[in-house]
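# Structural description and commentary
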Amino acid sequence: MADQAIASRRAALTSRGGSAEAILTPAPAATRISLRAGADALPALSAALGVTLPTRPKTSASSGQRHALWIGPDEWLVFDESEADLMGAAASSGTLHSAVDISHRNVAVIVSGPGADVAINSGCPQDLSPAIFPVGACSRTIFGKAEIILFRTAEDQFRVECWRSFSPFVFGLLSEGAADASH
Amino acid sequence: MLLIYCPYCEEERSELEFRGAGDAHIARPANIADITDEEFEEYFFLRQNPKGLIFERWRHIHGCGRFFNAARDTVSDRFYTTYKAGEPKPDISAILQSEQDKGAAK
Ligand SMILES: [Zn+2]
């Protein structure tokens, strides 16, 4: 019997980079959904997902490996670092909502170190000072020519989500920014 | 860098996150199939292109994704105010007056 050909997924970001000031690390695989829902669906959706969907701009909520990021007044990015089934969880809420599985549309780069904010600001116009963009803050924004979702996971650490096809550009520009951050 | 206040994100953001979307407060005729070609042209194509104050739609496309409205000056590019889609036109004379008062005080 012929051997079966099984496709294997190639990581979009195979290189590692950064500088001492801003270390760049491709984030491990995660499940992600783009979630749209009205206000009346939020309590049941939050219960089903096990994380309270935030309703204030630029805020997030986390529960263990699972994170819900406010993107717009009726839009969230929910991702789970343990690759749990988010589509199933949302569907079990019994609410009217739209959930699109974007686990493989997005990839993420972790930017960490004392110059992480400087590296990101090389291509992003947002004010990343701790008072304006504290730990837990998140926003869809722009990085160079690519749209990203920025999430501050610690004082000196950010998660930069971008579309898979943009990731070489984002990673490359972040590398330049990380090099500049050490000067 | 031009900063624009998004009424949904409730803060000023760089113009890089936004995109203009033409004149605001253009009501689509409810009887669109009945109107004449001239009336359709009037509704669909003809705009004033004023010098000075204009009411426009903008979209926070690389942010919250929402459309909102803005009162802007086409000469100075200054945004007088922004407000959520569906809200009525703000009283701009009060804003212009307070601008003038501020200018006179300088
Ligand atoms: Zn916004």
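Cut-offs and rules
- Residues numbered from 1 in each chain as written.
- Chains lettered and ligands numbered in written order.
- Predicted model: local features only at pLDDT ≥ 70, side-chain atom pairs only at ≥ 80, totals over all residues.
- Heavy atoms only, no water.
- Salt bridge = Lys/Arg side-chain N within 4 Å of Asp/Glu carboxyl O.
- Helix = DSSP H or I, 4+ residues; strand = E, 2+ residues; numbered from the N terminus.
- Buried < 20%, exposed > 50% of the residue type's maximum accessible area, 1.4 Å probe, protein only.
- Patch = residues over 30% accessible without salt bridge, like charges linked within 9 Å, V, L, I, M, F, W, Y side chains within 5 Å.
- Areas by Shrake-Rupley, 256 points an atom, 1.4 Å probe, with all protein chains shown as cover.
- Donors = N, O, S within 2.8 Å, 3.2 Å for Na, K, Ca; no water.
- Contact = heavy atoms within 4.5 Å.
- Buried area = accessible area lost by both parts, 1.4 Å probe.
- Polar contact = N/O pair within 3.5 Å; in protein donor to acceptor, adjacent residues only side chain to side chain.
- Nonpolar A, V, L, I, M, F, W, Y, C, P; charged D, E, K, R; others polar.
- Pairing = 2+ DSSP bridges.
- Axes fitted to C-alpha atoms, helices over the stretch in contact; angles between N-to-C directions.
- 1 Å grid on protein atoms, 1.4 Å probe; cavity = no way out; pocket = protein on both sides within 12 Å on 5 of 7 lines; lining within 4 Å.
- Points joined across faces, edges and corners; volume = space filled by probe spheres on them.

The next thing to look at is the pattern of salt bridges. One pass over the structure, following the stated rule, counts 14 salt bridges over all chains. Glu81(A) is the salt-bridge partner of Arg159(A), the closest N and O atoms lying 3.9 Å from each other. With Arg159(A) in strand β11 (residues 157-163) and Glu81(A) in the loop between β6 (75-80) and α2 (86-91), this pair connects stretches of sequence that are 78 residues apart. For Glu81(A), a relative accessible area of 34% puts it in the partly exposed group. A salt bridge links Arg13(B) to Glu17(B), with the nearest nitrogen and oxygen atoms 2.9 Å apart.

Glancing now at a nonpolar patch on the surface. Together, Phe40(B), Phe44(B), Phe45(B) and Leu46(B) line one region of the surface with nonpolar side chains, adding up to about 390 Å² of accessible area. Its place among the elements puts Leu46(B) in the loop between α1 (37-44) and β4 (53-59).

For the rest of this paragraph, the subject is the coordination of the zinc ion. Residues and elements named next belong to chain B. Those protein atoms acting as donors to the zinc ion are Cys-6 (SG), Cys-9 (SG), His-60 (ND1) and Cys-64 (SG), and they sit at 2.0 to 2.4 Å. Sequence spacing of the donor residues for the zinc ion, all on one chain, is C-x2-C-x50-H-x3-C. With Cys-9 in the loop between β1 (3-6) and β2 (11-14) and His-60 in the loop between β4 and β5 (67-73), the pair connects residues that are 51 residues apart, well separated along the chain. Grouping residues by exposure puts Cys-9 and His-60 together as buried.

Looking now at the interface of chain B and chain A. For interface size, the figure often reported is the accessible area lost on association. Opposite the 15 residues of chain B that make contact, chain A presents 17 residues. Between chain B and chain A, a total of about 1100 Å² is buried, with carbon and sulfur atoms accounting for 49% of that surface. Inspection of the region where chain B meets chain A yields 3 salt bridges. With its nearest N and O atoms 2.9 Å apart, the salt bridge here joins Lys58(A) to Glu11(B). Linking chain B to chain A there are 9 residue pairs in polar contact (both at pLDDT 80 or more). Of the residues in the side of chain B that touches chain A, the class split is 6 nonpolar, 4 polar and 5 charged.

All names here are of chain A. In terms of burial, strand β9 (residues 138-143) is a largely internal element, 6 of the 6 residues being buried. Of the two faces of β9, the one lined by Cys-138, Arg-140 and Ile-142 and the one lined by Ser-139, Thr-141 and Phe-143 are each fully buried. The sheet contact formed by β9 and strand β10 (residues 146-154) spans 6 bridges and is antiparallel. Residue pairing in the sheet places Ile-142 in a bridge with Glu-147 of β10.

Two orientations exist for strands paired in a sheet by backbone hydrogen bonds: parallel and antiparallel. Residues and elements named next belong to chain B. Strand order in the open sheet made by the 4 strands is β3-β4-β5-β6, with antiparallel pairing throughout. Taken across any chain shown, the strands that pair with only one partner, and hence form the sheet edges, are β3 (19-23) and β6 (79-84). Here the strands of the sheet are splayed against their neighbours by 30° on average, with no regard to which way each runs. Summarising the sheet, β5 and β6 pair through 5 bridges and their orientation is antiparallel. By the bridge assignment for β6, Arg-72 is matched with Phe-79.

A separate point is the layout of surface pockets. The method is simple in principle: a probe with the dimensions of a water molecule rolls over the atoms, and the space it marks as empty is what remains. The calculated volume of the largest pocket comes to roughly 500 Å³. Ile71(A), Glu75(A), Arg140(A), Glu147(A) and Ile61(B) are the residues nearest the centre of the largest pocket, which is lined by 28 residues in total. For the lining of the largest pocket, the secondary-structure elements that each account for two or more residues are β3 (31-37), β6, β10 and β11 of chain A. Looking at the lining of the largest pocket, its residues break down into 15 nonpolar, 4 polar and 9 charged.

This part covers unusual backbone geometry. All names here are of chain A. For Lys-58, which is not a glycine, the phi torsion comes out positive at approximately 65°. One can find Lys-58 in the loop between α1 (42-49) and β4 (60-63). Judged by its relative accessible area of 11%, Lys-58 falls in the buried class. If you check the backbone angles, Glu-83 has positive phi at about 60° while not being a glycine. Assignment of secondary structure puts Glu-83 in the loop between β6 and α2.

All names here are of chain A. When you line up the elements, Ser-46 lands in helix α1. Classification of Ser-46 as buried rests on a relative accessible area of 11%. Here Leu-53 takes part through its backbone nitrogen, which lies 3.0 Å from a polar atom of the side chain of Ser-46. Apart from the residues within four sequence positions on either side, Ser-46 is in contact with Val-51, Thr-52 and Leu-53.

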